[in-house]
Amino acid sequence: MEVIKADDGFQPVNSNPDIQRKVIYLNDLMVTIIDFHNGPMEKPDPFHHHPHEQITYVVTGSLLFFIEDRQYTLHAGDSFKVASNLKHSIQTLTEHVRLIDSFSPIRKEFL
């Protein structure tokens, strides 16, 4: 389908209804929209890494972004990037955070 309406396609992440993700992809391009409705978080999510390059845009809310040994405070309109295999994590600072993630190559485990 070429068009995805605003409220269509969201699925709980790891069966958690407070974290919802929508995945839009083609053969070589993936964008995800992820909503966190469980904030502010008491502690950061566990660090993780993946071979995919990632660029993220903060649509709504505020968060702490951790990458390797660095920490940044981000607000709506800010962006961050993650090179392949760097350890990273977030901690939401507001009740609702919406992020738009772009990945290359696509993350097949999200399909």
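Structure report, in brief. (Residues numbered from 1 in each chain as written. Predicted model: local features only at pLDDT ≥ 70, side-chain atom pairs only at ≥ 80, totals over all residues. Heavy atoms only, no water.)

### What to know about the sheet that holds strand S7 (residues 79-82)
Next, step 1: In spatial order, the strands read S1-S2-S3-S9-S4-S7; together these 6 strands make up an open sheet with antiparallel pairing. Each end of this open sheet is capped by a strand with a single partner; those strands are strand S1 (11-13) and S7. The mean angle between the axes of side-by-side strands here comes to 30 degrees, regardless of whether they run parallel or antiparallel.
Next, step 2: With 3 bridges connecting them, S1 and strand S2 (residues 16-25) associate as antiparallel partners. Considered in S2, the bridge of Val-13 is made with Asn-16. (Pairing = 2+ DSSP bridges. Helix = DSSP H or I, 4+ residues; strand = E, 2+ residues; numbered from the N terminus. Axes fitted to C-alpha atoms, helices over the stretch in contact; angles between N-to-C directions.)

### Thoughts on the pairing of strand S8 (residues 88-92)
Next, step 1: Of all 5 residues making up S8, 5 are buried, and the element is well covered by its neighbours.
Next, step 2: Of the two faces of S8, the one lined by His-88, Ile-90 and Thr-92 and the one lined by Ser-89 and Gln-91 are each fully buried.
Next, step 3: Relative to S8, strand S5 (residues 62-67) is paired through 5 bridges, and the arrangement is antiparallel. Within the sheet, the bridge partner assigned to Phe-65 lies in S8 and is Ile-90. (Buried < 20%, exposed > 50% of the residue type's maximum accessible area, 1.4 Å probe, protein only.)

### A look at the pattern of salt bridges
Next, step 1: Scanning the entire structure with this criterion turns up 3 salt bridges.
Next, step 2: Linking Arg-98 and Asp-35 is a salt bridge whose minimum nitrogen-to-oxygen distance equals 2.6 Å. Here Arg-98 is found in strand S9 (residues 97-104), whereas its partner Asp-35 is found in strand S3 (residues 30-36), with 63 residues between them in sequence.
Next, step 3: Judged by its relative accessible area of 6%, Asp-35 falls in the buried class.
Next, step 4: One salt bridge in this structure joins Asp-69 and Arg-70, with 3.2 Å as the shortest N-O distance.
Next, step 5: Residue Asp-69 is classed as exposed on the basis of its relative accessible area of 70%. (Salt bridge = Lys/Arg side-chain N within 4 Å of Asp/Glu carboxyl O.)

### Focus: the sheet that holds strand S6 (residues 70-75)
Paired through backbone hydrogen bonds, the strands of a sheet run either parallel or antiparallel to each other.
Next, step 1: The strand order across the open sheet formed by 3 strands is S6-S5-S8, and the pairing between neighbours is antiparallel. The sheet is open, and its two borders are formed by S6 and S8, each paired with just one other strand. Direction aside, the axes of adjacent strands within the sheet are offset by 20 degrees on average.
Next, step 2: The pairing of S5 with S6 spans 6 bridges and is antiparallel. In the strand pairing of S6, Leu-63 is matched with Leu-74.

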